[in-house]
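# Breakdown of the fold
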Amino acid sequence: VQLVESGGGLVQAGGSLRLSCAASGGRISNSAMGWFRQAPGKEREFVAAITYSGSQTYYADSVKGRFTMFRDNAKNTVYLQMNSLKPEDTAVYYCAADTYQRVRLPIRKDEYDYWGQGTQVTVSS
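Now for a description of the structure that goes with this document. (Residues numbered from 1 in each chain as written. Predicted model: local features only at pLDDT ≥ 70, side-chain atom pairs only at ≥ 80, totals over all residues. Heavy atoms only, no water.)

### Focus on the sheet that holds strand β3 (residues 17-24)
To keep it simple, the criterion reads: Any two strands between which DSSP finds at least two bridges are classified as paired. Helix and strand definitions follow DSSP, with helices as H or I runs of at least four residues and strands as E runs of at least two, each counted in order from the N terminus. To obtain each axis, a line is fitted to C-alpha atoms, and for helices this fit is confined to the stretch in contact; angles are then taken between N-to-C directions over 0 to 180 degrees.
An order of β1-β3-β8-β7 is seen for the 4 strands of this open sheet, with the pairing classed as antiparallel. The open sheet has two edge strands with one neighbour each: β1 (2-6) and β7 (67-72). Taken pair by pair, the neighbouring strands of this sheet meet at an average axis angle of 15 degrees, ignoring direction. By the bridge criterion, 6 bridges tie β3 to strand β8 (residues 77-82) in an arrangement that is antiparallel. When the sheet's bridge partners are listed, Leu 17 is paired in β8 with Met 82.

### Description of the pairing of β8
Note the threshold: The buried label applies to any residue whose accessible area, calculated with a 1.4 Å probe on protein chains only, is under 20% of its type's maximum; exposed applies above 50%, and partly exposed to all values in between.
Counted residue by residue, β8 has 6 buried out of 6 residues, so it is predominantly covered. Alternating positions in β8 separate into two faces, Thr 77, Tyr 79 and Gln 81 on one and Val 78, Leu 80 and Met 82 on the other, with burial throughout. In terms of strand pairing, β7 meets β8 through 6 bridges, oriented antiparallel. Among the inter-strand pairings, Phe 70 is bridged to a residue of β8, identified as Tyr 79.

### Some points on the environment of Asp 72
Just so we agree on the cut-off: Contact definition: two residues touch when any of their heavy atoms are within 4.5 Å. Identification of polar contacts relies on pairs of N or O atoms within 3.5 Å, with a donor-acceptor requirement for protein atoms, meaning one able to donate a hydrogen and the other able to accept it, and with residues adjacent in sequence counted only if both atoms are side-chain atoms.
Relative to the helices and strands, Asp 72 is located in strand β7. The partly exposed category is assigned to Asp 72, whose relative accessible area is 25%. As for Asp 72 and Ala 22, which are separated by 50 residues in sequence, their C-alpha atoms are 9.9 Å apart. Once residues within four sequence positions are removed from consideration, Asp 72 is found in contact with Thr 77 and Tyr 79. Only 3.1 Å separates the side chain of Asp 72 from the backbone nitrogen of Ala 74, close enough to count as a polar contact.

Such coordinate-based values are descriptive only and should not be taken to indicate function.
What follows is the structure, encoded as structure tokens:
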């Protein structure tokens, strides 16, 4: 499975962006999906995750109430709607697929099998 993120860019604080993650070479409809981000000099951190059906989501405290993750399995794509962006949201954002069937949403990097190349999000103050 290949994952390709898009939708990143430069935005002012308080603005919004919608990231997309399109999968090819296989279906992700049976996979939980996640978004992570990595700022310069920092470790890659969890942002959000969604079940294979889209019925459940989980967010990092730092983005809860501002970011929304959703998916369209017919389009083999997941999304991250980011509102009320802050300068500290600046990072490269990665989507990832977890093909293992778990009883809970995966939030650790090592629980994901496939990763995209990332898309840069820069929030100016």
